[in-house]
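Report on the structure
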Amino acid sequence: MSAVPTDVITGILSQLPLRRSFTSNANIKLLLDSYAEDDEYKAYSVDFDSLDNLEELPRPLSTTSFGVSSRIFGSCNGLLAISHDEAGIALWSPSTKECHYPPKLTIGDMYDEIILGFGYDVINNDYKVVRMLSSGKLVMIYSLKAKSWKRIKDCPYEITFHVSQDGAYANGSVHWVGVENDKDDDARVIFGLDIGTEEFHQLPGPESDISYKNFGYRSVGILGGGLCVFRDIYHQDNIVLWVMKEYGVRESWTEDFYVSRDECWQWCMYYTRAISHSRRGDRVLLDNGGRPRQPAWFNLDKRTREVVDIPGAPKHFNAIIFVESLASVLP
C-alpha cells in the first residue's frame, strides 16, 4: 500500500471544521456566561445561527461565594480569558477543554478598578493578557509563551467613566475608550495597545458634522471582525454605532445604526455593547451593559427589539462570540 502524499493529507485536514473555522467563519458559537450567584457562574454554548443545541460547558473559575464575581473578558481565535476576583485569571479553550492558569497578581489599588484585555500577538505568535488599573498605571502583560508577567510603561489614558469596560481585540491591538491624563472627562478618545510592540496609540475618530463637544465615545467592541464604537449625542437621547472598515484610516469609519432611548430596554443604554450581526445582516445582537444583562436582537428595518430567549439557558447572561478551533492554551 502506497503512502498518502503529504499535500493530500494537508488538503484533507484543511477541510475539517475546527481547522477551517479561522478563515471560513464556520462553527461560530454564542457563549452564554451566567453571572448569577445562584447559577454558580456557569457557561453554555449554542449554535449562533439557530440559537439551539444548548450545551453546558465546564467553565473554569466558577464561584458560589457571595460577593465574589467571575467573568469572561476576552475571546480570540477560539480561546477565552476569564477573570475571578480571588483566584486570578484563566485561559480556556471550550473546544479542547484545555485550561491554563497564569500566576495570580496581587498588585492593585483600592481606589482603582482593574481593566483587562486579551488578544493575539501576531509578531511573536503568542497570546497575551493585559491588566492595568483604570488610572492607567501598573500596566502588566502576561505572555502565554513565556509563562510570565511583565510590567510595561504606564498607559497615557484613564478609563474612568465605565470602569467595567473590557478591551476589544482587533488587528493586533486591544482597544478601550478613555480620557487623556489630566484632560476633561468629555474629551474621550479611542486608544489601543499593540500587544506585539507593547506600545499605546490613539485612533482617529469617525468624521462627522457634529461638533466635538456634542458627543462622547462610550464603548468599543467587535462587529463583523472589525472595531466598532458606540457614542452618545448629547441632548438627543440616542447612541450611534460606527464601524471601522479599514483599521487606522479615518475615512474607513461608517455609521451603522442608531438606537434611541425609546427603542432601548433599560436606562443604561449608554453602555450598550454590540455583539454580532445576524447571518442575514438585518439584525444586531446587543447587550445593554446593565445589571442584570439580558441581550436582545435589534431589528434594523423595523426598529424593534426581541429579547434572546433560549430554552434551558439562564435568563440573564453575558453573550460572547467565539469560534471553535484547535488553538491551544498550553504553553
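Before reading on, note that the structure itself is shown above.
One structure accompanies this document, and this report is about it. Along each chain, residues carry numbers from 1 onward, in the same order as the chain's sequence is written. Where totals are concerned, whole chains, interfaces and linings use all residues; where local detail is concerned, this predicted model gives features only for residues with pLDDT of at least 70, and gives and counts side-chain atom pairs only at 80 or more. The basis for every side-chain value is the complete set of non-hydrogen atoms in the structure, without hydrogens or water.

Focus: the overall build of the protein chain
Our working rule: Only DSSP runs of H or I covering at least 4 residues are called helices, and only runs of E covering at least 2 are called strands; the numbering of each starts at the N terminus. Burial classes follow relative accessibility: with a 1.4 Å probe on protein chains only, a residue under 20% of its type's maximum area counts as buried, one over 50% as exposed, and anything between as partly exposed. Here, residues are in contact when the closest pair of their heavy atoms is within 4.5 Å. With residues, only the protein chains shown are counted as cover, and all accessible areas are computed by Shrake-Rupley using a 1.4 Å probe.
Looking only at helices and strands, the protein chain has two helices and 25 strands in total. Burial analysis of the protein chain (331 residues in total) assigns 51% to the buried set. Sequence-distant contacts in the protein chain: of pairs separated by 6 or more residues, those separated by 24 or more amount to 47%. A total accessible area of about 15,800 Å² is found for the protein chain, and carbon and sulfur atoms account for 49% of it.

Description of unusual backbone geometry
For L51, which is not glycine, the phi dihedral falls at a positive 55 degrees. Looking at where L51 falls in the secondary structure, it is placed in the loop between β2 (43-47) and β3 (55-57). Exposure remark for L51: the relative accessible area of 19% places this residue in the buried category. The phi angle at N171 is positive, at roughly 55 degrees, despite the residue not being glycine. With respect to the helices and strands, N171 occurs in the loop between β13 (168-170) and β14 (173-180). Accessibility expressed as a relative area gives 52% for N171, which makes it exposed.

A closer look at the packing of aromatic side chains
Quick reminder of the rule: Ring pairs are drawn from Phe, Tyr and Trp, using the six-membered ring of Trp, whenever the two centres fall within 6.5 Å, and their geometry is named by plane angle: stacked under 30 degrees, edge-to-face over 60, tilted for the rest. Two conditions define a charge sitting above a ring: the NZ of Lys or the CZ of Arg must be within 6 Å of the ring centre, and it must be within 35 degrees of the ring normal.
On inspection of all chains with the given rule, the structure shows seven aromatic pairs. Relative to Y127, the ring of F118 has its centre 6.1 Å away and its plane inclined at 20 degrees; by these criteria the two rings are stacked. With respect to burial, F118 and Y127 carry one shared label: buried. One aromatic cluster in this structure is built from Y157, W176, F191 and F200. Between R283 and the ring centre of W297, over which it is positioned, the NZ or CZ distance is 4.2 Å.

Observations concerning the pattern of salt bridges
This is how it is decided: A pairing counts as a salt bridge when a side-chain nitrogen of Lys or Arg comes within 4 Å of a carboxyl oxygen of Asp or Glu.
Tallying each qualifying case throughout the model produces 12 salt bridges. Via salt bridges that share partners, D121, K128, K150 and E198 belong to a single interconnected network.

Examining the side chain of E198
What counts is decided by this rule: Polar contacts here mean pairs of N or O atoms no more than 3.5 Å apart (in protein, one a potential hydrogen donor and the other a potential acceptor; neighbouring residues in sequence count only if both atoms are side-chain atoms).
Tracing the sequence through the fold places E198 in the loop between β15 (188-194) and β16 (199-203). At a separation of 2.9 Å, a polar atom in the side chain of E198 contacts the side chain of K150. Setting aside chain neighbours within four positions, we find E198 in contact with K128, I141, K150, I152 and L193.

Topic: the side chain of R59
Tracing the backbone through its elements, the reader meets R59 in the loop between β3 and β4 (70-76). The exposure class of R59 is buried, given its relative accessible area of 7%. Side-chain polar atoms of R59 contact the side chain of D33, separated by 2.9 Å. Contact partners of R59, with chain neighbours within four places excluded, come to D33, Y41, K42, A43, S70, R71, I72, I82 and W92.

Topic: the pairing of β14
Using the following cut-off: Paired strands, as defined in this entry, are two strands with at least two bridges between them according to DSSP.
With seven of eight residues buried, β14 is to be regarded as a mostly interior element. Where strand β12 (residues 157-158) meets β14, two bridges bridge the pair, whose relative direction is antiparallel. Among the inter-strand pairings, E158 is bridged to a residue of β14, identified as V179. Bridge count for β13 against β14 is three bridges, and the pairing is antiparallel. In the sheet register, A168 faces β14, and the bridge partner there is H175.

What about the sheet that holds strand β11 (residues 148-151)?
The condition that has to hold: As a rule, the C-alpha atoms of each element are fitted with a line to give its axis, helices using only the stretch in contact, and angles between N-to-C directions run from 0 to 180 degrees.
Spatial ordering of the open sheet is given by β8-β9-β10-β11, a layout of four strands whose pairing is antiparallel. With partners counted over all chains shown, the strands left at the sheet margins are β8 (114-121) and β11, one partner each. For this sheet, the mean inter-axis angle between neighbouring strands, taken without regard to orientation, is 20 degrees.

A closer look at the sheet that holds strand β6 (residues 88-92)
Strand order in the open sheet formed by four strands is β4-β5-β6-β7, with antiparallel pairing between adjacent strands. Since the sheet does not close on itself, it has two edges, and those belong to β4 and β7 (99-100), each with one partner. Sheet analysis places strand β5 (residues 79-84) next to β6, joined by five bridges and oriented antiparallel. Bridging from a neighbouring strand, S83 pairs with I89 of β6.

Structural notes on the nonpolar core
In plain terms, the rule: Nonpolar cores were defined as sets of buried Ala, Val, Leu, Ile, Met, Phe, Trp, Tyr and Cys residues, with membership established by side-chain atoms within 4.5 Å.
Counting 35 residues, the largest nonpolar core has F118, M132 and W176 as its most contacted members. Looking at this core, the elements that each hand over two or more residues are β4, β5, β6, β8, β9 (126-133), β10 (140-143), β14 and β15.

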